[in-house]
Amino acid sequence: MEDNIDTILLNKTTTFLYNDKPSSWLPSLVTACTVSTYAFWAMFVFPGFRKVPVKLRVPFLPSSKCQTTNVLKLLKGREGKFVDLGSGDGRLVFTAVSLGLQCTGYELNPVLLNWAKTLARWRGLSPTQATFLKQNFWEVDLSQYNNVTVFLAPCVMETLEKKLLAELSEGARVIVCRFPFPHWPPTCTEGVGLNQVWAYDVMHLNGSLLHYRKLQPCT
């Protein structure tokens with residue numbers, strides 16, 4: 001009798017410990033975590049995109065510390081007005097402010113825009129030092145700026161070339177992070193790999209590009 005009881009208890013214990021039926025809560029937990037992560041990511045990537053043509057949409061790509069340092073090197077000695085196209089959380093704008101430039105950041109994502117404005121107030125910066133605007137920079141005349149930073153994506157760089165060539169003065173410098181312009185010859189560069197940045201001085205562009213500037217304004 002005792003042997004039968006021991007056998008029954010052993011079988012129940014074994015079934016409990018080695019039950020091969022999948023846990024019903026595990027798929028639900030994985031799904032919930034995935035959805036939450038996606039929602040958090042989308043909060044920073046998608047807001048404001050409906051105002052931009054599909055072919056010009058670019059997700060938020062934050063600059064690394066090394067990349068920001070490289071941008072700073074290529075901005076040294078520059079004067080005048082500075083603009084960051086798609087300023088995100090404002091880190092490149094704040095870098096330019098440290099050089100005494102009058103800085104503006106264009107950003108459509110309201111979460112990132114408000115965070116950048118909060119950081120500017122926390123740093124005690126005046127609007128003449130750092131201004132963040134909720135505007136589509138593709139629709140803005142950029143001719144007032146002689147220092148431009150860009151961290152976008154390869155798919156929009158050729159279109160951006162046309163816009164900048166049509167609007168910037170010959171004294172302007174454009175600094176591009178990670179993804180260089182497809183047709184512009186760079187003046188100089190800093191860093192390597194993912195942290196590489198390129199500087200393009202409009203006055204140094206060759207004659208064919210200046211001709212291209214006149215014939216193909218941005219549309």
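Residue numbers restart at each chain and count upward from 1, following the sequence in its written direction. Only residues with pLDDT of at least 70 get local features here, since the model is predicted, and only at 80 or more are side-chain atom pairs given and counted; chain-wide, interface and lining totals rely on the full set of residues. Just so you know, side-chain values use all the structure's heavy atoms and leave hydrogens and water out.

As recorded in an unreviewed UniProt entry, the chain goes by Adenine nucleotide translocase lysine N-methyltransferase isoform X1 and comes from Xenopus laevis.

### Brief notes about the overall build of the chain
In terms of helices and strands, the chain carries 7 helices and 7 strands. Only DSSP runs of H or I reaching four residues or more are called helices, and only runs of E reaching two or more are called strands; each is numbered from the N terminus. Mapped from its N terminus to its C terminus, the chain presents α and β elements in the order α-α-α-β-α-β-α-β-β-α-β-β-β-α. Working definition: with a 1.4 Å probe on protein chains only, accessible area under 20% of the residue-type maximum means buried, over 50% means exposed, and in between means partly exposed. When each of the 219 residues of the chain is scored for burial, the buried share is 38%. By definition, residues are in contact when any of their heavy atoms lie within 4.5 Å. Restricting the contact set of the chain to residue pairs at least 6 apart, pairs at least 24 apart contribute 64%.

### Section: the confidence of the model for the chain
Note: pLDDT gives the predictor's confidence per residue, expressed from 0 to 100. Considering every residue of the chain, the mean pLDDT works out to 78; 65% of them sit at 70 or more. Segment residues 5–10 is flagged for pLDDT under 50; beyond a separation of four residues in sequence, or across chains, it makes 0 contacts in the model. A low-confidence stretch, residues 34–49 (pLDDT under 50), is modelled with 18 contacts involving residues beyond four sequence positions or located in other chains.

### So, the nonpolar core
We call a set of buried Ala, Val, Leu, Ile, Met, Phe, Trp, Tyr and Cys residues a nonpolar core when their side-chain atoms join them within 4.5 Å. Membership of the largest hydrophobic core comes to 26 residues, with the highest contact counts inside it found for Leu85, Val150, Leu160, Val174 and Phe181. In terms of residues, this core owes the most to one element, helix α6 (residues 154–167), which gives 5 residues. Aside from chain neighbours lying at most four places away, what touches Val174 is Val148, Val150, Leu164, Leu168, Phe181, Trp184, Trp198, Ala199 and Tyr200. Leu75, Phe82, Leu119 and Cys177 belong to the second largest nonpolar core, which has 22 residues in total.

### Points about the sheet that holds strand β6 (residues 188–190)
Reading across from one edge, β3-β2-β1-β4-β5-β7-β6 is the order of the 7 strands in this open sheet, with mixed pairing throughout. A single partner strand is all that each edge strand has here, and the edge strands are β3 (130–133) and β6. Geometrically, the sheet is characterised by an average inter-axis angle of 20° between neighbouring strands, direction not taken into account. Two strands make a pair as long as DSSP finds a minimum of two bridges between them. The angle between two axes is taken between their N-to-C directions and runs from 0 to 180 degrees, where each axis is a line fitted to C-alpha atoms and a helix contributes only its stretch in contact.

### Examining the pairing of strand β2 (residues 102–106)
Here is the key point about a regular strand: its side chains alternate between the two faces of the sheet. Among the 5 residues of β2, 4 are classified as buried, and the element is accordingly described as predominantly covered. Inspection of the sheet shows strand β1 (residues 81–85) paired to β2 by 5 bridges, in the parallel sense. Note on β2: the bridge partner recorded for Asp84 is Gly105. As a crossover connection, the stretch from β1 through helix α4 (residues 91–97) into β2 is right-handed. If you view a crossover with the strands going away from you and the path from the first strand over the helix to the second runs clockwise, you call it right-handed.

### Regarding the side chain of Thr104
For Thr104, the position within the fold is in strand β2. The exposure class assigned to Thr104 is buried, which follows from its relative accessible area of 11%. Those residues in contact with Thr104 that sit more than four places away from it in its chain are Phe82, Val83, Asp84, Val93, Thr131, Leu133 and Tyr145.

### Overview of helix α3 (residues 65–75)
Along α3, the residues that are buried comprise Gln67, Thr68, Asn70, Val71, Leu74 and Leu75. With its buried residues spanning 160° around the axis, α3 presents them on a single face. As for α3, its buried residues are in contact with β1, α4, β4 (147–150), β5 (173–177), β6 and β7 (197–201). A positive backbone phi angle near 90° is found at Gly77, which sits one or two residues after α3. Within this analysis, the arc is defined by the directions that extend from the helix axis to the C-beta atoms.

### A few points about the pairing of β5
Among the 5 residues of β5, 5 are classified as buried, and the element is accordingly described as predominantly covered. Burial along β5 is two-sided: the face carrying Arg173, Ile175 and Cys177 and the face carrying Val174 and Val176 are both buried. Here β4 pairs with β5 via 4 bridges, running parallel. Residue Val150 lies in a different strand from β5, and its bridge partner there is Val176. Relative to β7, β5 runs antiparallel, the two being bridged by 5 bridges.

### A few points about α6
The end-to-end C-alpha distance of α6 is 21 Å, a good match for the 20 Å that 14 residues give at a rise of 1.5 Å each. The quantity called bend is, for any residue, the angle between two axes fitted respectively to the seven residues ending at it and the seven beginning at it. At Leu160, α6 shows its maximal bend, which comes to roughly 30°. Buried residues of α6: Val156, Met157, Leu160, Glu161, Lys163, Leu164 and Leu165, and no others. The span you would expect from a helix comes to 1.5 Å times its residue count less one.

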